[in-house]
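Residue-level structural notes
As a plain string of letters, each chain reads:
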Amino acid sequence: MTSPPNVLLVICDTLRVDALSCYAEDAPPTPNLDRLAAEGTTFENAFAVGSWTPPSHGALFTGRYPSETGFAGAWPTLPADERVMAEHFGEAGYATIGIPGPSKMGSPVGLDRGFDEYYEVYEEMAERPSLPYLRQLLTDGFVRRDFVRLAARGNDYYTRIKIEKLQRFVSEADAPWFAMANLTTVHAPYWVPKPYMREETPELHRPFCPLLEEFLPSTVRFDRDDVRPEQLFAAADGASATSVAMRQYETGDYLTDAELSVLRAWYRACVRYLDAQLGDLLDWLDETGRREETHVVLTSDHGECFGEHGTMYHGYFLHDELLHVPLLVSGPEVPDGERRSDLVSLVDLFDTVCDLSGIAAPDATSGRALFAGGADDGDESTDERNAVFAETAVVDERDREAVSEVSTETLAAFERGKKSIRTVTHRLELRSDGSEQLHDVRTGAEVDDSEVADALREQLVETLGEEFVVDGEREREYSAGVERNLRELGYLE
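Predicted model, so just to flag it, every value in this text is computed and none were measured.

**A word on the sheet that holds strand β14 (residues 388-392)**
If you walk across this open sheet you meet the four strands as β14-β15-β16-β17, and the pairing is antiparallel. One side of each edge strand has no neighbouring strand; the edge strands of this open sheet are β14 and β17 (436-440). Pairwise comparison of adjacent strand axes, ignoring direction, gives a mean angle of 15° for this sheet.

Set out below in structure tokens:
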């Protein structure tokens, strides 16, 4: 009997679709992901259902929209009765490992359910420098190798250590395996080892010993007359991302065009480093003979804004720059070198990987299998979509540093809930304050067409309902590792 195929789900946190050269001619070169695209199917119009980590992962893991699960906003909790992908594959006999990126998709919110192992690096690795970290250097090979890389090449925010953990699990698995890894390589802070950033911006000067920049930030310089280094480094760090985003939205020039161009260049450097690391992983799968028996699914939970629509980063708005994501699928029974332009939602991935693995998907999902055949052959779930949907919860951001500096209109823009429906021609957005906007996605312009708006509104309400999910309580008890991770990624100020 043929062994069931393995499944590797790689979620490249914050990766824009136009950042890959298999999607955009002016993107940085990403030869390894281009190779993955050539060896499988590229979906040109895949969309996330949320613009930040929790709702997007909740929908991906359950195959259901945030309005259906209540898993929305920045501080959700997955209901106990929601079935997740790892549980489903575990019950089908798969060994399962999850490697989360931000702790917002970790055990505190319940997305660790169903995994035999959930490697939360922010919990496993002590803060550096500290005595617990020094003890880990003496006893833990993963930590020791990460330190050597940090000292010799610079910080990669645990990209390599996560890949090594994944490889060890796969090497030791005695059953077909399901693996999910979220890599935050291109999430702020936009900072990767040399020479990637130096090649993008020669004006950046970093110390000969990369370890110095971890403990003496003043050793890093950026010499260009039209750029304010303090402003630039603060924005690249992302530690106060929401406040930076509010200030930019309020004034439009909190970050200048020159500074935004540097941030985009550093983001490109992060993308190129990510591509190199994923290339090493794909090569390893090839060399060990596992690639031909593994379905590789690569996507992103959301994109990133660099001044478009007056916005920065992600999380509060539903623009295409935030929702349009890459989706590459390769493996047994997947067409090689195919490009598809049909609309696809990340809620479709649960049904799709079940279908490719010969497993019946749960009845309660809102997705559909993206390839004909397998468990869903002949089922209407393989029909093409005519629209994709997304939403954000109503949130309370009054504790942010920038609130005293911005208008009530700016604060409201960040706090109100939003639901959207997008077709190949239009996008309608409904807001929790009762307002709405209709855009022509071909031109980007706001339009007034009541007939189109009425039809889209009806379909949107039918799918996501009329009520807006309200974000959970911000005041929670977190471990030191989780709180440190939230601050590093800009979720706490």
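Further notes follow.
**Some points on a nonpolar patch on the surface**
There is a patch of nonpolar side chains on the surface, built from Leu212, Phe215 and Leu216 and spanning about 270 Å² of accessible area. With respect to the helices and strands, Leu212 occurs in helix α10 (residues 211-215). Using a relative accessible area of 38% as the deciding quantity, one classes Leu212 as partly exposed.

**Focus: the side chain of Ser243**
If you trace the backbone, Ser243 turns up in helix α12 (residues 241-251). Owing to a relative accessible area of 0%, Ser243 belongs among the buried residues under this scheme. A distance of 3.1 Å separates a polar side-chain atom of Ser243 from the backbone nitrogen of Ala402.

**Section: the pattern of salt bridges**
Taken as a whole and judged by the stated rule, the model has 37 salt bridges. Note that Asp283 and Arg35 form a salt bridge whose closest N and O atoms lie 3.1 Å from each other. Remark: Arg35 occurs in helix α1 (residues 31-38) and Asp283 occurs in helix α13 (residues 257-287); sequence separation between them is 248 residues. For Asp283, a relative accessible area of 29% corresponds to the partly exposed category. Ionic pairing is found between Arg291 and Asp286, a salt bridge with its closest N-O pair at 3.5 Å. Residues joined in a network through salt bridges with shared partners are Arg35, Glu39, Asp283, Asp286 and Arg291.

**Concerning the state of the cysteines**
This model, assessed by the stated rule, comprises zero disulfides. Left unpaired, Cys12 is separated from the closest cysteine sulfur, that of Cys22, by 11 Å. With no disulfide of its own, Cys305 has Cys270 as its nearest cysteine by sulfur position, at a separation of 17 Å. Assessed through its relative accessible area of 0%, Cys305 is described here as buried.

**Concerning the layout of surface pockets**
Estimates place the volume of the second largest pocket at around 380 Å³. As for the second largest pocket, its lining consists of 17 residues, of which His309, His319, Arg427, Gln437 and His439 are closest to the centre. Elements supplying a minimum of two residues to the lining of the second largest pocket: α14 (320-323), β16 (426-431) and β17. Among the residues forming the lining of the second largest pocket, the class breakdown is four nonpolar, five polar and eight charged.

**Quick notes on the packing of helix α8 (residues 159-172) against α13**
Between α8 and α13, whose axes approach to 11 Å, the crossing angle comes to 15°. Of the possible angle classes, the one that applies to α8 and α13 is roughly parallel. In the packing of α8 onto α13, the handedness of the crossing is right-handed. Each of Thr159, Arg160, Ile163, Leu166, Gln167, Val170 and Ser171 in α8 lies in contact with α13, whose residues at this interface are Tyr273, Gln277, Asp280, Leu281 and Trp284. A breakdown of the residues in the contact of α8 with α13 according to their chemical character gives six nonpolar, four polar and two charged.

**Some thoughts on the packing of aromatic side chains**
Here the structure, examined in full by the defined rule, presents 21 aromatic pairs. A centroid spacing of 6.1 Å and a plane angle of 85° characterise the contact between Tyr190 and Tyr267, whose relative ring orientation is edge-to-face. Taken together, the residues Tyr190 in the loop between β5 (177-183) and α9 (196-200) and Tyr267 in helix α13 connect sequence positions 77 residues apart. Each ring, one from Tyr249 and one from Phe317, has its centre 5.4 Å from the other, and the planes form 20°; the classification is stacked. Linking Tyr249 in helix α12 with Phe317 in the loop between β10 (312-313) and α14, this pair joins segments that are 68 residues apart in sequence. Given a relative accessible area of 10%, Phe317 falls into the buried group. Put simply, the rings of Phe61, Phe89, Tyr94, Phe115, Tyr118 and Phe178 touch in pairs and so form one group of aromatic residues. The cationic tip of Arg145 hangs over the ring face of Phe142; the distance from NZ or CZ to the ring centre is 5.3 Å.

**Description of a negative patch on the surface**
On the surface, a cluster of negative charge is contributed by Glu446, Asp448, Asp449 and Glu451. Take Asp449: it is sitting in the loop between β17 and α17 (450-464).

**Some details on the side chain of Glu429**
Assignment of secondary structure puts Glu429 in strand β16. At 3.0 Å, the side chain of Glu429 and the side chain of Arg427 are in polar contact. Among all residues touching Glu429, those that are not within four sequence positions of it are Leu318, Lys418, Lys419, Ser420, Ser435, Glu436 and Gln437.

**Quick notes on the nonpolar core**
Judged by nonpolar contacts, the single largest core of 88 residues is most densely connected at Leu8, Leu15, Tyr190, Leu263, Trp266, Leu278 and Tyr313. The dominant element in this core, judged by the number of residues it contributes, is α13, at 16 residues. Dropping the residues within four chain positions of it, Leu15 is found in contact with Leu20, Val186, Tyr267, Val271, Leu274, Ser300, His302, Gly303 and Pro326. Formed by 38 residues, the second largest nonpolar core is a distinct cluster that contains Leu9, Met180, Val334 and Ala361.

**Let's talk about helix α7 (residues 141-152)**
Counted at 1.5 Å a residue, the expected span for α7 with its 12 residues is 16 Å, and the 16 Å between its end C-alpha atoms agrees. Buried within α7 are the following residues: Phe142, Val143, Asp146, Arg149 and Leu150. One side of α7 carries all its buried residues, which in axial view fall inside an arc of 125°. Exposed and facing more than 90 degrees away from the buried side of α7 are Val148 and Ala152. In this structure, the buried side of α7 is in contact with α6 (131-139), α8 and α10. Near the N-terminus of α7, the side chain that reaches the backbone nitrogen of Phe142, with its oxygen 2.9 Å away, is that of Asp140. The first or second residue beyond α7 is Gly154, which carries a positive phi of 115°.

Scoring rules and cut-offs
Numbering of residues starts from 1 in each chain and follows the order in which that chain's sequence is written. Only residues with pLDDT of at least 70 get local features here, since the model is predicted, and only at 80 or more are side-chain atom pairs given and counted; chain-wide, interface and lining totals rely on the full set of residues. Values shown for side chains rest on all heavy atoms present in the structure; no hydrogens or waters enter the calculation. In this analysis, strands are considered paired if DSSP registers two or more bridges between them. By definition, any uninterrupted DSSP run of H or I lasting at least four residues is a helix, any uninterrupted run of E lasting at least two residues is a strand, and each is numbered from the N terminus. To get an axis, a line is fitted to the C-alpha atoms, and for a helix only the part in contact is used. The angle between two axes follows their N-to-C directions and goes from 0 to 180 degrees. Patch definition: residues with relative accessible area over 30% and no salt bridge; like charges joined within 9 Å; nonpolar side chains (Val, Leu, Ile, Met, Phe, Trp, Tyr) joined within 5 Å. Every accessible area reported is derived by Shrake-Rupley at a probe size of 1.4 Å, with residue values counting cover from the shown protein chains alone. Any Lys or Arg side-chain nitrogen found within 4 Å of a carboxyl oxygen on Asp or Glu counts as a salt bridge. Each residue is assigned to one of three classes by its accessible area relative to the maximum for its type, calculated with a 1.4 Å probe on protein chains only: buried under 20%, partly exposed between the two thresholds, exposed over 50%. Pairs of N or O atoms within 3.5 Å make up the polar contacts considered here, provided that, within protein, one atom can donate a hydrogen while the other can accept it, and that residues adjacent in sequence are counted only when both atoms are side-chain atoms. By disulfide we mean two sulfur atoms from cysteines, separated by a distance within 2.5 Å. Cavities and pockets were defined on a 1 Å grid built from protein atoms only: a cavity is a group of points that admits a 1.4 Å probe but offers it no way out, a pocket is an open group of points flanked by protein on both sides within 12 Å along at least five of seven lines, and a lining residue is one with an atom within 4 Å of any such point. Grid points are joined across faces, edges and corners, and a volume is the space filled by probe spheres set on the points. Under the scheme applied here, ten amino acids are nonpolar (Ala, Val, Leu, Ile, Met, Phe, Trp, Tyr, Cys and Pro), four are charged (Asp, Glu, Lys and Arg), and all others, including Gly, are polar. Roughly parallel here means an angle under 35 degrees, roughly antiparallel means over 145, roughly perpendicular means 65 to 115, and every remaining angle is called oblique. Should the near helix be turned counterclockwise from the far one by less than a right angle, the crossing is left-handed, whereas a clockwise turn marks it as right-handed. Throughout, a contact is declared for two residues whenever any of their heavy atoms are within 4.5 Å. Between 30 and 60 degrees the pair is tilted, below 30 it is stacked and above 60 it is edge-to-face, where a pair is any two Phe, Tyr or Trp rings, Trp via its six-membered ring, whose centres lie within 6.5 Å. Comment: the charge-over-ring label is applied if NZ (Lys) or CZ (Arg) is within 6 Å of the ring centre and within 35 degrees of the ring normal. In this charge count, Lys and Arg are treated as positive and Asp and Glu as negative; neither His nor the chain ends contribute. Each charge is placed at NZ for Lys, CZ for Arg, CG for Asp and CD for Glu. Think of a nonpolar core as a cluster: buried Ala, Val, Leu, Ile, Met, Phe, Trp, Tyr and Cys residues, connected wherever their side-chain atoms sit within 4.5 Å. To estimate how far a helix should reach, multiply one less than its number of residues by 1.5 Å. It is the directions from the helix axis to the C-beta atoms that the arc portrays.

So yeah, pure geometry; function would need other evidence.
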